[in-house]
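# Per-entry structural report
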Amino acid sequence: MHKQSIGIGLIGFGVIGSQVAKVLTEKAEILADQVGCPLVLRKIKVIEQDLTKPQINEIGRQYFTTDEDEFFSDSEIDIVIELMGGESPALQYLEKALSNGKHVVTANKEVIAKNGAGLLRMAHQNNVGLRYEASVGGGIPLIAPFQYELVANKINGIYAIINGTTNYILTRMAIDGIDFSTALASAQRLGYAEADPKNDIEGIDATYKLAILTSLALQSEVKPDDIYHEGISRLSASDFRYARELGFAIKLLAIAKRKLNTIEVRVHPAFIPQDSLLAKVDGVYNAVLVEGDLVDKVLFYGQGAGPLPTSSAVISDVVAEARDIYLNVKNHFQIKLNTGVVIRPMSEIKTRYYLRMTVADRSGVLSQITKVLGDHDISIASVIQKEADKVNQTAEAVLMTHPAGEKAMKQALEGLSHLEVITEIGNFVRVEA
Ligand code: HSE
């Protein structure tokens, strides 16, 4: 006997939550057709402040509660959608929902990145589903491809632009030649960056998303703390000018690279060739390039944030789960943990480097710099030197190296910082080519 309807409980009524409630209401008929029976919104758990929002009346005040017990004891709720964000109390709510036998759909990247494997186990023990398509890349289908469509592959690489805020800032810096703080202020004015932009600009948000994708790709448990991350605030307008002159774009890249039984996982600004596909991903758009042994390269591209794209992913999870409930089938993804994967320490990675320095504008300076680099076995691929300040007789020197070890590069940077002829090491950026 099929169910007559499937009950939905929603936690969170911010920009995403209110959009999801709106879609569930406005597309009720289409969604019922997709599932086989109606999806019925039973309750929305909110915080006190939400109760003043005008959209509450559009949905119907009777659906809203601030009472946790009232929400979790509603036996009519089959699927809990969590859209409150943040780690706590979202994690406790998800655990409560799963242990109460509710299926769960969440967009919460932080909770999934830190606790995904444990929550999937909990879902399995309780014979319910846990879906999180909206946790990475907003409206771009990514989780399902990693869980299902790409499983025949050995995933050898992920190269991703998965933070729209930073990609917007970097695009403005590249196109308009403005500095970081001006671009950030513009992102904040447009509502792309939050008042406290730390999670985005320091690469933490991208780290959560990379942890989720890498865990799926490797069938392993890669935690955010396992991932090296560096933000974008050290980049200057001049880095973008030099990058262009050298044929590169600068992007905040989330990288997972398999090398035999080890994996490099890192998030940092990177020079990438101007003619590469990822270099053309501009503004708030996201893109994820996946390399598999069978499929070769696959590129996912689209809007990685915002209420409409994110609601697309959330609702697709709800429909998938509701179909299973309606048909009484169990199609729950299980993560099989492969414990043989070793994360390579950052000190062992090897890349090319871009290095920008302010140096004394006199003879013999470059030979002192090349000696320090040479002492650490770092070979120079190209040099640009430009007169910077006539009065102080300084110049800006930009070097591109051949592939070098991170450890050697860090030691060379330390050595360079002691050279009297170098006034300032402006920046160094890794190159992914
Ligand atoms: N702050 C995130 C971004 C939102 O800029 O991509 C989507 O997770």
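Quick caveat, the model's predicted, so the values are computed rather than measured.

### Structural notes on the domain arrangement of the chain
Partitioning the chain into structural domains gives domain 1 (6-138 + 307-327), domain 2 (145-303) and domain 3 (348-431). Computed from C-alpha atoms alone, the centre-to-centre distance between domain 2 and domain 3 is 26 Å. Every contact between the two is made by 17 residues of domain 2 and, on the other side, 17 residues of domain 3. Contact between domain 2 and domain 3 buries roughly 1500 Å² in total, counting both sides, with carbon and sulfur atoms accounting for 55%. When the area that domain 2 buries against domain 3 is broken down by residue, the three leading residues are Arg234, Tyr242 and Phe271, summing to 38%. At the surface where domain 2 touches domain 3, the tally comes to three salt bridges. One salt bridge in this structure joins Arg430 and Glu230, with 3.2 Å as the shortest N-O distance. Counting every contact that joins domain 2 to domain 3 gives 11 residue pairs in polar contact (both at pLDDT 80 or more). Secondary structure elements with two or more residues in the side of domain 2 that touches domain 3: helix 12 (237-246) and strand 10 (262-273). Sort the elements by how many residues they give to the side of domain 2 that touches domain 3 and strand 10 lands first, with six residues.

### Comments concerning the nonpolar core
In this structure, Ile158, Ile169, Leu210, Phe271 and Val288 are the most contacted members of the largest nonpolar core, which totals 81 residues. Here this core gets 10 residues from one element, more than from any other, and that element is helix 11 (residues 204-218). Among residues more than four places away in sequence, those in contact with Leu210 are Ile158, Ile162, Ile227, Ala254, Ile255, Ala256, Val265, Arg266 and Val267. Core analysis: the next-biggest nonpolar cluster, separate from the first, contains 32 residues, Ala21, Ile59, Val314 and Val318 among them.

### A short note on the sheet that holds strand 5 (residues 103-106)
Pairing is parallel across the open sheet formed by six strands, whose spatial order is 3-2-1-4-5-6. A single partner strand is all that each edge strand has here, and the edge strands are strand 3 (64-65) and strand 6 (130-131). Note: strand 2 (residues 39-45) against strand 3, two bridges, orientation parallel. Paired with Lys45 across the bridge in strand 3 is Thr65.

### Observations concerning the pairing of strand 16 (residues 394-401)
With eight of eight residues buried, strand 16 is to be regarded as a mostly interior element. Judged by which residues are buried, strand 16 turns out to be covered on both faces: Thr394, Glu396, Val398 and Met400 on one side and Ala395, Ala397, Leu399 and Thr401 on the other are all buried. Sheet topology note: the strand 14 (residues 350-360)/strand 16 ladder contains seven bridges and is antiparallel. Across the sheet, Ala360 pairs through a bridge with Thr394, a residue of strand 16. Sheet topology places strand 15 (residues 380-389) next to strand 16; eight bridges connect them, and they run antiparallel. In the strand pairing of strand 16, Val383 is matched with Leu399. The antiparallel pairing of strand 15 with strand 16 creates a hairpin that spans four residues between the two strands, and Gln393 there sits at a positive phi of about 50°.

### With respect to the environment of Leu277
For Leu277, the position within the fold is in the loop between strand 10 and strand 11 (285-292). Exposure remark for Leu277: the relative accessible area of 55% places this residue in the exposed category. Separated by 10 residues in the primary sequence, Leu277 and Ala287 have C-alpha atoms spaced 9.1 Å apart.

### Things to note about helix 12
The set of residues buried in helix 12 consists of Ala237, Ser238, Asp239, Phe240, Tyr242 and Ala243. Just downstream of helix 12, Gly247 is the residue with a positive phi angle, here 90°.

Definitions and limits used
Residues numbered from 1 in each chain as written. Predicted model: local features only at pLDDT ≥ 70, side-chain atom pairs only at ≥ 80, totals over all residues. Heavy atoms only, no water. Domains from an automatic or database assignment. Contact = heavy atoms within 4.5 Å. Buried area = accessible area lost by both parts, 1.4 Å probe. Salt bridge = Lys/Arg side-chain N within 4 Å of Asp/Glu carboxyl O. Polar contact = N/O pair within 3.5 Å; in protein donor to acceptor, adjacent residues only side chain to side chain. Helix = DSSP H or I, 4+ residues; strand = E, 2+ residues; numbered from the N terminus. Core = buried A, V, L, I, M, F, W, Y, C linked by side-chain atoms within 4.5 Å. Buried < 20%, exposed > 50% of the residue type's maximum accessible area, 1.4 Å probe, protein only. Pairing = 2+ DSSP bridges.

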